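Per-entry structural report
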Amino acid sequence: MRIDVAVNGGEAELRSLLDWLRRDPAARRGAHVELVQAEPAPGQMGVLTDVLQLVTENAWSAASFALALSTWRQTRPHTRRITVRRGDLTVDLDGGGDEELRRLIDALERPAAHEPEPEPDRQADGGGR
């Protein structure tokens, strides 16, 4: 499963979240996380934006990811809008409350139509960050 995460606030916020997830034991075990350029939506023109991309396996827990994301968000000096996209499913997080986390977990746990295939694991050849 591939998940893209965008954070309002620029690359510094994404790098902070990347570092946070790489230090989280559950995220390290269940997902490969890297900073990538998002592809524009069909018909969309403009500058590519950076997103965090998580490639996960079956053992990965959506609840663990949602908790790590929520905890990171609480460490930030300003509330940032976070957009989580998996296939054709998109969840926007604005306030960080329990209802938003439940919506995120529900969206990540349900099957997604047209979900792209994950790219081969680049860490196996030493090409990971």
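The coordinates are above.
One structure accompanies this document, and this report is about it. (Residues numbered from 1 in each chain as written. Predicted model: local features only at pLDDT ≥ 70, side-chain atom pairs only at ≥ 80, totals over all residues. Heavy atoms only, no water.)

**Side note on the overall build of the protein chain**
Just so we agree on the cut-off: A run of DSSP states H or I qualifies as a helix once it reaches four residues; a run of E qualifies as a strand once it reaches two. Both are numbered from the N-terminal end. The buried label goes to any residue with under 20% of its type's maximum accessible area, the exposed label to any with over 50%, and the partly exposed label to all in between, with areas taken from a 1.4 Å probe on protein chains only. The criterion used for residue contact is that any of the two residues' heavy atoms lie within 4.5 Å.
Summing up its helical and strand segments, the protein chain has 4 helices and 5 strands in all. For the protein chain, the α and β elements follow one another from N to C terminus as β-α-α-β-β-α-β-β-α. Across the 129 residues of the protein chain, 37% fall into the buried class. Looking at the protein chain alone, contacts between residues at least 24 apart form 56% of all its contacts between residues at least 6 apart.

**Describing helix 4 (residues 98-109)**
Rules: Helix span is expected to be 1.5 Å times the residue number reduced by one. The directions considered for the arc are those from the helix axis to the C-beta atoms.
Taking 1.5 Å per residue as the helical rise, helix 4 with its 12 residues ought to reach 16 Å, and the 16 Å between its terminal C-alpha atoms agrees with that figure. Here helix 4 has its buried residues at Glu-100, Leu-101, Leu-104, Ile-105, Ala-107 and Leu-108. End-on, the buried residues of helix 4 take up no more than an arc of 165°, which puts them together on one face. Residues Asp-98, Glu-99 and Glu-109 are exposed on helix 4 and point more than 90 degrees away from its buried face. The inward-facing, buried residues of helix 4 abut strand 1 (2-7), helix 3 (62-75), strand 4 (82-86) and strand 5 (89-93).

**Concerning the pairing of strand 1**
Put simply, the rule is: Here, strands pair whenever DSSP counts at least two bridges between them.
Bridge count between strand 1 and strand 3 (residues 50-56): 4 bridges; the pairing is antiparallel. From the neighbouring strand, Val-5 faces strand 3, where its bridge partner is Leu-52. Here strand 1 pairs with strand 4 via 4 bridges, running antiparallel. Looking at the pairing, Ala-6 lines up with Thr-83 of strand 4.

**Quick notes on helix 1 (residues 11-23)**
Three- or four-residue spacings in an α-helix give side chains the same orientation, since the helix completes a turn every 3.6 residues. With 13 residues, helix 1 ought to run about 18 Å at 1.5 Å a step, and its terminal C-alpha atoms sit 18 Å apart, in line with that. All buried positions along helix 1 are accounted for by Glu-13, Leu-14, Ser-16, Leu-17, Leu-18 and Leu-21. Where the residues of helix 1 are buried, they touch strand 1, helix 2 (25-30), strand 2 (31-37), strand 3 and helix 3.

**Observations concerning the sheet that holds strand 2**
The criterion, for reference: For helices, the axis comes from a line fit to the C-alpha atoms of the stretch in contact; other axes are also lines fit to C-alpha atoms, and the angle between any two N-to-C directions lies between 0 and 180 degrees.
Strand order in the open sheet formed by 5 strands is 2-3-1-4-5, with antiparallel pairing between adjacent strands. The open sheet terminates on both sides in strands that have one partner only, identified here as strand 2 and strand 5. Adjacent strand axes in the sheet meet at a mean angle of 20° when their direction is disregarded. Where helix 3 meets the sheet, its contacts fall on strand 1, strand 3, strand 4 and strand 5, and the angle it forms with strand 4 comes to roughly 160°.

**Things to note about the side chain of Glu-13**
Within the secondary structure, Glu-13 is located in helix 1. Apart from residues no more than four positions distant in its own chain, Glu-13 is found in contact with Val-7, Asn-8, Trp-72, Arg-76 and Arg-80.

**Observations concerning the packing of helix 3 against helix 4**
Counted only if it meets this: Handedness of each helix crossing follows the sense of rotation of the near helix against the far helix: counterclockwise by less than a right angle gives left-handed, clockwise gives right-handed. Residues are sorted three ways: Asp, Glu, Lys and Arg are charged, Ala, Val, Leu, Ile, Met, Phe, Trp, Tyr, Cys and Pro are nonpolar, and all the rest, Gly among them, are polar.
In contact at an axis separation of 9 Å, helix 3 and helix 4 are set at 145° when each is read in the N-to-C sense. Remark: the crossing between helix 3 and helix 4 carries right-handed chirality. Of the residues in helix 4, those touching helix 3 at Ala-62, Ala-63, Phe-65, Ala-66, Leu-69, Ser-70 and Arg-73 are Glu-100, Leu-101, Leu-104, Ile-105, Leu-108 and Glu-109. Here the contact of helix 3 with helix 4 is composed, by residue class, of 9 nonpolar, 1 polar and 3 charged.

What is shown is where atoms sit, not what they do.
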